[in-house]
Amino acid sequence: DPYADDPMRHPALKVNSQCPFNAEPPPELLTENYITPNPIFFTRNHLPVPNLDPDTYRLHIVGPPGGQSLSLSLGDLYKFPKHEVTVTLQCAGNRRSEMTRVKEVKGLEWRTGAISTARWAGARLCDVLAQAGHQLSETEAHVCFEGLDSDPTGTAYGASIPLARAMDPEAEVLLAYEMNGQPLPRDHGFPVRVVVPGVVGARHVKWLGRVSVEPEESCSHWQRRDYKGFSPSVDWDTVDFDSAPSIQELPIQSAITEPQDGETIEPGEITVKGYAWSGGGRAVIRVDVSLDGGLTWHAADLDGEEQPPRKAWAWRLWQLQTSVPAGQKELNIVCKAVDDSYNVQPDTVAPIWNLRGVLSNAWHRVHVHITP
Ligand code: MTE
Ligand code: MO
């Protein structure tokens, strides 16, 4: 059993698949803290978790022609300036279960919890690439990452990002060795993973083994044949993965974590809580909440840190305290967020349905009953 050596996990996690391990924190725990505690940070593994020895671990950085390839130990990586950044990581499949309700899709049934936030620390990728002699000369180039996890045929997890993002110090792409002040937990990439602020989780390659600069995107299945969006009319007979760009930055997203769908609540005061986040460093500027299915709206209070313009890498938690109109038997609670480019979420799921169930960011809806 290749999964026999997987690490222990926190019992509060809601497991979507045991082997490989995929799990999300329950909504009420997810927004209890701005920084998600490591043990309940959502986990998305495609393969068994490798058990890597930090003493013999080496990160291979392929140099440019005429440059120098590097084989970095953890100690070598610690010698680069240590950079810290708070980043929200979201899987492209977050909220997929809502797409499944429209029509069947292929993928794990994530609810609203395939998203979490941590304070990451490590070396900046741009510093390491520069040491190997890489420059931002080729504009069409890509930085390819390979994990040390692999399937029975020996194929490793892989992904890539554009070289321009990798080389931009302001993009703060990290080769992270710390998560919330601790060494990375095994499930989250021990000893080193990539963190790409503002970009879909799939590019944050864990258990990083190899970095290279290539004229094309990573040839990995997960770069070329997955994590792409399509029209609702495209099915598995007609899909042409080469016709769509790989997902990098994610669209504006928000969800309600309290109360939960189907709950029965007391009349009187109600507190609605949730999260909101947008890709590409775009800041959340507003979250609108409705108790009547979208007829009337309240502006929620945004908690969490204000972030620099164009570098809003982390989510905002939000809440709305209001009173339930007297005589109500039920509420249709809805939330929708707006980012600083005034991007908004679509109101329903059907028009954004796609066969892989990615990019599910319609208004989040929760139906609750009120005790008479
Ligand atoms: N890296 C490797 N090596 N193997 C993987 O399976 N999964 C990716 C990414 N990096 C993956 C990986 C996906 S799809 C996501 S959403 C994130 O890791 C999840 O990171 P987490 O498990 O730390 O939350
Ligand atoms: Mo993912």
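Residues numbered from 1 in each chain as written. Chains lettered and ligands numbered in written order. Predicted model: local features only at pLDDT ≥ 70, side-chain atom pairs only at ≥ 80, totals over all residues. Heavy atoms only, no water.

(A) Summary view of the overall build of the protein chain. Scanning the protein chain from N- to C-terminus turns up six helices and 22 strands. Expected size for 372 residues packed as a compact globule is a radius of gyration near 21 Å; at 21 Å, the protein chain falls within 12% of this value. By its C-alpha atoms, the protein chain is 75 × 45 × 45 Å across when sized along the principal axes. Counting over 372 residues, the protein chain shows a buried share of 56%. (Helix = DSSP H or I, 4+ residues; strand = E, 2+ residues; numbered from the N terminus. Rg over C-alpha atoms; globule rule 2.2 N^0.38 Å. Buried < 20%, exposed > 50% of the residue type's maximum accessible area, 1.4 Å probe, protein only.)

(B) The arrangement of the domain arrangement of the protein chain in detail. By domain assignment, the protein chain separates into domain 1 (14-243) and domain 2 (253-370). The straight-line distance from the C-alpha centre of domain 1 to that of domain 2 is 27 Å. Between domain 1 and domain 2, the residue contacts involve 44 residues of the former and 37 residues of the latter. Taken together, the two surfaces of domain 1 and domain 2 that pack against each other cover about 3,700 Å², and 59% of this comes from carbon and sulfur. (Domains from an automatic or database assignment. Contact = heavy atoms within 4.5 Å. Buried area = accessible area lost by both parts, 1.4 Å probe.)

(C) Focus on the site of ligand 1. The environment of ligand 1 is formed by 20 residues, the closest being Phe42, Asp149, His188, Arg193 and Lys206. Between ligand 1 and Arg44 there is a distance of 2.9 Å, counted from an oxygen atom to a backbone nitrogen or oxygen. In a pocket analysis with a 2 Å cut-off to the grid points, ligand 1 is assigned to the largest cavity. Along the lines of polarity and charge, the residues of the shell around ligand 1 split into nine nonpolar, seven polar and four charged. (Near = heavy atom within 4 Å. Polar contact = N/O pair within 3.5 Å; in protein donor to acceptor, adjacent residues only side chain to side chain. 1 Å grid on protein atoms, 1.4 Å probe; cavity = no way out; pocket = protein on both sides within 12 Å on 5 of 7 lines; lining within 4 Å. Sits in = over half its atoms within 2 Å of the grid points. Nonpolar A, V, L, I, M, F, W, Y, C, P; charged D, E, K, R; others polar.)

(D) Local environment of the sheet that holds strand β17 (residues 284-290). Taken in spatial order, the five strands make up an open sheet running β15-β22-β21-β17-β18, and their pairing is mixed. The open sheet has two free edges, formed respectively by β15 (264-265) and β18 (298-299), since each of these has just one partner strand. (Pairing = 2+ DSSP bridges.)

(E) Region of the structure containing unusual backbone geometry. A cis amide bond links Phe190 to the next residue, Pro191, at an omega of 5°. One can find Pro191 in the loop between β11 (182-183) and β12 (193-195). Omega for the bond connecting Glu258 with Pro259 falls within 30 degrees of zero, at -5°, which places this linkage in the cis form. Along the chain, Pro259 falls in the loop between β14 (253-258) and β15. For Arg310, which is not glycine, the phi dihedral falls at a positive 65°. Counting through the fold element by element, Arg310 comes out in the loop between β19 (301-302) and β20 (316-323). At Tyr342, a residue that is not glycine, the phi angle is positive and equals roughly 60°.

(F) Fine view of the pairing of strand β16 (residues 269-277). Of the strand pairs in this sheet, β14 and β16 are connected by five bridges, and their pairing is antiparallel. Along β16, the bridge assignment pairs Ser254 with Ala276. Direction of pairing for β16 relative to β20: antiparallel, over a ladder of eight bridges. Residue pairing across strands places Ile270 opposite Thr322, the latter belonging to β20.

(G) Up close: the pattern of salt bridges. Overall, the coordinates contain 18 salt bridges when judged by the stated rule. The salt bridge involving Glu170 is made with Lys311; its shortest N-O contact spans 3.0 Å. Note that Glu170 is positioned in the loop between α5 (163-167) and β10 (174-179) and Lys311 in the loop between β19 and β20, a separation of 141 residues in sequence. Glu170 sits in the partly exposed class, given a relative accessible area of 47%. We classify Lys311 as buried; its relative accessible area is 19%. A single network of salt bridges, built from pairs that share partners, joins Arg165, Glu249, Arg282 and Asp339. (Salt bridge = Lys/Arg side-chain N within 4 Å of Asp/Glu carboxyl O.)

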